[in-house]
Amino acid sequence: MAETVHEDDVVTRARQALGKRDLVFVGLMGAGKSAIGKIAAQALEIPFVDSDHEIERVSRMTINELFAAYGEPEFRALETRVIERLLKTGPRVISTGGGAFVNDNTRRVIREMGALTVWINADLETLWARVSKRDNRPLLKTTNPRETLANLMAARYPIYAEADIEVMSRDAKKEVILLEVLEAIAAHAVPASIQEADHAG
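Residue positions are given per chain, counted from 1 along the sequence in the order it is written. Only residues with pLDDT of at least 70 are given local features in this predicted model, and only at 80 or more are side-chain atom pairs given and counted; all residues enter the totals for whole chains, interfaces and linings. Excluding hydrogens and water, the side-chain figures rest on all heavy atoms present in the structure.

### A closer look at the packing of aromatic side chains
For step 1, the next point in the chain: In summary, the pairing rule links any two rings of Phe, Tyr or Trp, Trp by its six-membered ring, whose centres are within 6.5 Å, and it sorts them by plane angle into stacked for under 30 degrees, edge-to-face for over 60 and tilted for everything else. Under the definition given, this model contains four aromatic pairs.
For step 2, the next point in the chain: When the centroid spacing of 4.8 Å and the interplanar angle of 40° are considered together, the rings of Phe-67 and Phe-75 count as tilted. Across the pair, exposure class does not vary: Phe-67 and Phe-75 are buried alike.
For step 3, the next point in the chain: Seen from their ring centres, Trp-119 and Tyr-157 are 5.0 Å apart, and the 75° between their planes marks the pair as edge-to-face. Taken together, the residues span a long stretch of sequence, with Trp-119 in strand β4 (residues 116–121) and Tyr-157 in helix α7 (residues 145–160) at a distance of 38 residues. When sorted by exposure, Trp-119 lands in the same class as Tyr-157, which is buried.
For step 4, the next point in the chain: An aromatic cluster is present here, built from Trp-119, Tyr-157 and Tyr-160 joined pairwise through their rings.
For step 5, the next point in the chain: We note Arg-107 situated over the ring of Phe-101; from NZ or CZ to the ring centre the distance is 6.0 Å. We call a residue buried when its accessible area falls under 20% of the maximum for its residue type, exposed when it is over 50%, and partly exposed in between, using a 1.4 Å probe and counting protein chains only. By the criteria applied, helices consist of DSSP H or I runs no shorter than four residues and strands consist of E runs no shorter than two, each listed in order from the N terminus. In this scheme, the term charge over a ring applies when either NZ of a lysine or CZ of an arginine sits within 6 Å of the ring centre and within 35 degrees of the ring normal.

See the structure below:
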């Protein structure tokens, strides 16, 4: 009972701290951005959207097909446009593809629109155990996908580290990770300048 009361208190504080901002999950493939994002959206009572799914919906092509047909630069440009549009119709929880936050333009858009970013971090063993089960990762279609994944971690983790919040994904229940995310959000109150702007508007 006490735990439920504690969780309710965390949810309330997280909602107040988030305010009207969007919550954007960033991190590498397999980290659990969508899984945690969905239950975070339920807890915060705001809509959830996966940016990769939205890209596939608007383009009527899969991520693999987009990469094959247009290459990564064109895909990243489309990704930026889709995420910017999603941020204009919030607040909501947005789970982004692994390369989204690494893209300078996308990262700038997310920051300029005042979203709160959460990096779901994970070690190589955790990620590999998850992504090696499926063959739907275009960047891992290499002769040594595990090494490719490690290289992606080395290149991208310093950029993911620029997110407002970092929570470690691991072999634990989703609810445990969610509670850590909510606690971290609760500690990130809306800046006074944004609150004043909301009241003024």
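### Describing the nonpolar core
Most often, soluble globular proteins have nonpolar side chains that are buried together.
For step 1, the next point in the chain: In terms of nonpolar packing, the biggest core is built from 59 residues, with Leu-23, Phe-25, Leu-28, Leu-44, Val-181, Leu-182 and Ile-185 touching the most fellow members.
For step 2, the next point in the chain: In terms of residue count, the dominant contributor to this core is helix α4 (residues 63–87) (nine residues).
For step 3, the next point in the chain: With residues near it in sequence (within four places) discarded, Leu-23 still touches Leu-18, Leu-44, Arg-92, Val-93, Ile-94, Leu-116, Val-118 and Ile-185. The term nonpolar core refers to a set of buried residues drawn from Ala, Val, Leu, Ile, Met, Phe, Trp, Tyr and Cys, joined through side-chain atoms within 4.5 Å. Whether two residues touch is decided by their heavy atoms; if any such pair falls within 4.5 Å, the residues are in contact.

### Here's the deal with unusual backbone geometry
For step 1, the next point in the chain: Not every positive phi belongs to a glycine, and Glu-45 is a case in point at roughly 60°.
For step 2, the next point in the chain: Unlike most non-glycine residues, Arg-60 shows phi in positive territory, near 60°.
For step 3, the next point in the chain: Along the chain, Arg-60 falls in the loop between α3 (51–59) and α4.

### Some words on α4
For step 1, the next point in the chain: Here the expected length of a helix is defined as 1.5 Å per residue gap, with one fewer gap than residues. The end-to-end C-alpha distance of α4 is 21 Å, clearly below the 36 Å that 25 residues give at a rise of 1.5 Å each.
For step 2, the next point in the chain: Bending of α4 peaks at approximately 115° at the position of Gly-71, with proline Pro-73 no more than four residues after it. The term bend refers to the angle at a residue between two fitted axes, each drawn through seven residues, those ending there and those starting there.

### Some details on the pairing of β4
For step 1, the next point in the chain: Counting buried residues along β4, six of its six residues qualify, which places the element largely inside the surrounding structure.
For step 2, the next point in the chain: Burial of the side chains of β4 extends over both faces: Leu-116, Val-118 and Ile-120 are buried on one face and Thr-117, Trp-119 and Asn-121 on the other.
For step 3, the next point in the chain: For two strands to be treated as a pair, DSSP must find no fewer than two bridges joining them. Pairing analysis gives four bridges linking β4 to strand β5 (residues 165–168), with the strands arranged parallel. Bridging across to β5, Trp-119 finds its partner in Glu-166.

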